[in-house]
Amino acid sequence: QVQVAQSGGGTVQAGDSVTLSCTVSGRPFSGYAMGWFRQAPGKERLPVGHIRFLSDKPQNDRTFVEPSMKDRFTITRTKNTMYLHMNSLKSEDTADYYCAARGNVLLGSLFRAPSDYDYWGKGTQVTVSS
């Protein structure tokens with residue numbers, strides 16, 4: 001059984017920062033990519049960013065953050081834990097944030113669609129008040 005566990009989030013004020021974490025465990029899971037998505041009430045689930053595992057060392061990871069968020073958001077990884085660092089939060093960042101993982105190679109994938117991933121966390125709320 002593969003488990004995707006999320007933590008972090010909560011209610012913050014506009015302009016503040018918050019870091020979310022996501023840990024993937026269990027077998028079988030080789031690890032190839034992990035992604036962040038967010039979904040506001042009544043809205044579709046949209047990509048935030050992702051990391052691709054090129055080796056077992058985080059320094060070899062390749063990261064991507066959506067252009068609309070890359071100036072404020074950063075993704076990092078330590079072993080099987082991925083982090084989403086969010087700075088200068090705005091009210092429009094309010095959403096449920098989901099962590100996802102892809103356990104095998106998916107050639108040609110951009111890792112920007114929910115269908116690109118096999119495993120999902122339960123989500124965590126981020127509420128930005130103004």
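Because the structure is predicted, anything quoted here is derived from the model rather than measured. Sequence positions are assigned chain by chain, starting from 1 and proceeding in written order. Two thresholds apply to this predicted model, a pLDDT of at least 70 for residue-level local features and 80 or more for giving and counting side-chain atom pairs, whereas whole-chain, interface and lining totals are computed over all residues. No hydrogens and no water enter the side-chain calculation; it runs on all heavy atoms of the structure.

Caption draft 1: Main features of the sheet that holds strand β3 (residues 18–25). A sheet is described by the order of its strands in space; here four strands give the open sequence β1-β3-β8-β7, paired in antiparallel fashion. Only two strands of the sheet have a single neighbouring strand rather than two, namely β1 (3–7) and β7 (73–78). Averaged over all neighbouring strand pairs, the angle between strand axes comes to 20°, with direction disregarded. Strands are labelled as partners when DSSP assigns at least two bridges between them. Think of it this way: any DSSP run of H or I at least four residues long counts as a helix, any run of E at least two long counts as a strand, and we number them from the N terminus. Judged from the six bridges that link them, β3 and strand β8 (residues 81–86) form a sheet pairing that is antiparallel. The residue of β8 that forms the bridge with T19 is H85. Only the stretch in contact is used when fitting a helix axis, every axis being a line fitted to C-alpha atoms; angles between N-to-C directions are given from 0 to 180 degrees.

Caption draft 2: Looking closely at the nonpolar core. Working definition of a nonpolar core: buried Ala, Val, Leu, Ile, Met, Phe, Trp, Tyr and Cys residues. They are joined through side-chain atoms within 4.5 Å. Note on exposure labels: buried denotes an accessible area under 20% of the residue type's maximum, exposed denotes more than 50%, and partly exposed covers the range between, all computed with a 1.4 Å probe on protein chains only. Formed by 26 residues in total, the largest nonpolar core has its most connected members in M34, W36, F73, M82, L84, M86 and Y97. Residue assignment for this core shows that the elements contributing at least two residues are β3, β4 (33–39), β5 (46–52), β7, β8, β9 (95–102) and β11 (124–129). When checking whether two residues touch, look at their non-hydrogen atoms; a contact exists if any pair is within 4.5 Å. Among residues more than four places away in sequence, those in contact with M82 are L20, S21, C22, M34, G35, W36, I51, I75, T76, R77 and C99. Core analysis: the second largest hydrophobic core is formed by six residues, A33, F37, A100 and Y117 among them.

Caption draft 3: Broad picture of the environment of T74. Within the fold, T74 resides in strand β7. When its relative accessible area of 39% is taken as the criterion, T74 is described as partly exposed. Sequence separation between T74 and L84 is ten residues, and the spatial gap between their C-alpha atoms is 5.9 Å. When near neighbours in sequence (up to four residues on either side) are disregarded, T74 contacts Y83, L84 and H85.

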